[in-house]
Amino acid sequence: MAKLQLREAIRAAMVEEMARDGDIFLMGEEVAEYNGAYKVSEGMQDLFGADRVIDTPISENGFAGLGLGAAMSGLRPIIEFMTWNFAFVAMDQIVNNAAKIRYMSGGQFSFPIVFRGPNGAAGQLAATHNSSVESVYSCFPGLKVISISNPDDAKGLLKSAIRDNDPVVFLESEFMYGMRGEVSDEEDYLIPIGKARIARDGDAVTIVGHNKSYWRAMEAAEMLEVDGYHAEVIDPRTIRPFDWDTVIRSVKKTNRLVIVDESNPFASVSSEIAFQIQSRCFDYLDAPVRRVTAKDTPAPYAKNLMTYYLPSAEDTYRACRDVMYLD
């Protein structure tokens, strides 16, 4: 095992895959000459040249479309968005073209393309730079959506995403790029898309959290441990396809579910999880499913309001105690 920052694990995945397959290239704003806005692609232009690590203008709609054309022509692009908030101007390319052309062409075209970059809150960047987009892209059949919480998953899942023949939305976090964690040094390390990870075993309550929210779930589990209760924490890792079987098995054991989700509450990822669990294992629930989400408002700018806006470990802890009828 090697200890890497999240940015280093993402870079390692891209470097290994680009060395393995000459059809893979990276394209986006500042990925080449500047070594990446968050230094994720540092040194990659020196390794692979300007033909395979390509700077673009501020034109998400344009370079997303260029990537789709390249994918239809047999190449395997990695498209970096400086933030997923900027990808809204490329929505037509992603959801009307990437997600649908394999179906509309009767399988004549495949789309081996990865769209990646930081998602969700990134500090005091105001309302237009703090959106969580996983629920948006999960609405569209044809897209796979991955949201990672640690360096090991980042490397193993990104390598799998790059090899996948369908378009993948790969969601990272600006806050977590400097996070260090153990990463497998297995020669060709792949994590299957669509398989959740049970991060902590328990029998008192199931807590599901992805990306940054996973860490709030783990903090809440530690708080419950002090009270003498063992929470089971699940990191879905893949939002679509979602690993329902793992969550259902856990809920059948704990009989309670709390979902932590940085999305705004209406039509969020947590909304779908709550519906699916009450639909598939209602008879095993001893309490209503609880959700801990961002507040139902655009993200504020003030630091104290931003702290209040986001789901917290304390909010999660209280929700767990609530479904356990302790308060």
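Sequence positions are assigned chain by chain, starting from 1 and proceeding in written order. For this predicted model, a pLDDT threshold of at least 70 governs which residues receive local features, and a threshold of 80 or more governs which side-chain atom pairs are given and counted, while totals over whole chains, interfaces and linings are taken from all residues. Excluded from the side-chain calculation are hydrogens and water; included are all heavy atoms of the structure.

### What about the sheet that holds strand 5 (residues 114-118)?
- A sheet is described by the order of its strands in space; here seven strands give the open sequence 3-2-4-5-7-6-12, paired in mixed fashion. Every interior strand has two partners, whereas the edge strands, strand 3 (53-55) and strand 12 (238-240), have only one. Across the sheet, the axes of successive neighbouring strands diverge by a mean angle of 20°, strand direction being ignored.
- Should DSSP find at least two bridges between two strands, the strands are taken to pair. Strands here mean DSSP runs of E at least two residues long; helices mean DSSP runs of H or I at least four residues long; both are numbered from the N terminus. Where strand 4 (residues 76-80) meets strand 5, three bridges bridge the pair, whose relative direction is parallel. Residue pairing for strand 5: Glu80 is matched across the bridge by Arg116. With axes taken as lines fitted to C-alpha atoms, and helix axes fitted only over the stretch in contact, angles between N-to-C directions fall between 0 and 180 degrees.

### Structural notes on the domain arrangement of the chain
- These domain boundaries are the output of an automatic or database domain assignment. Splitting the chain by domain gives domain 1 (2-183) and domain 2 (197-323).
- Summarising the inter-unit geometry, the C-alpha centres of domain 1 and domain 2 are found 26 Å apart.
- Here, residues are in contact when the closest pair of their heavy atoms is within 4.5 Å. On the side of domain 2, 26 residues touch domain 1, which itself brings 31 residues to the contact.
- Defined here as a combined quantity, buried area equals the accessible surface (1.4 Å probe) lost by two parts on assembly, summed across both. For the domain 1 and domain 2 pair, buried surface summed over both sides reaches about 2,100 Å², with 52% attributable to carbon and sulfur atoms.
- In what follows, salt bridge is the name for a side-chain nitrogen of Lys or Arg lying within 4 Å of a carboxyl oxygen of Asp or Glu. For the pair domain 1 and domain 2, the number of links is two salt bridges.
- One salt bridge in this structure joins Asp153 and Arg197, with 3.3 Å as the shortest N-O distance.
- Counted as a polar contact is a pair of N or O atoms within 3.5 Å, where, for protein atoms, one must be capable of donating a hydrogen and the other of accepting one, and residues adjacent in sequence contribute only when both atoms are in side chains. Between the two partners, domain 1 and domain 2, sit 16 residue pairs in polar contact (both at pLDDT 80 or more).
- Of all the secondary-structure elements, those providing two or more residues to the side of domain 1 that touches domain 2 are helix 6 (134-138), strand 6 (144-147), helix 7 (151-163) and strand 7 (168-172).
- Per-element accounting of the side of domain 1 that touches domain 2 gives the leading share, four residues, to strand 6.
- Only Asp, Glu, Lys and Arg are considered charged in this grouping, and only Ala, Val, Leu, Ile, Met, Phe, Trp, Tyr, Cys and Pro are considered nonpolar; every other residue, Gly among them, is considered polar. Its residues assigned to classes, the side of domain 1 that touches domain 2 shows 15 nonpolar, twelve polar and four charged.

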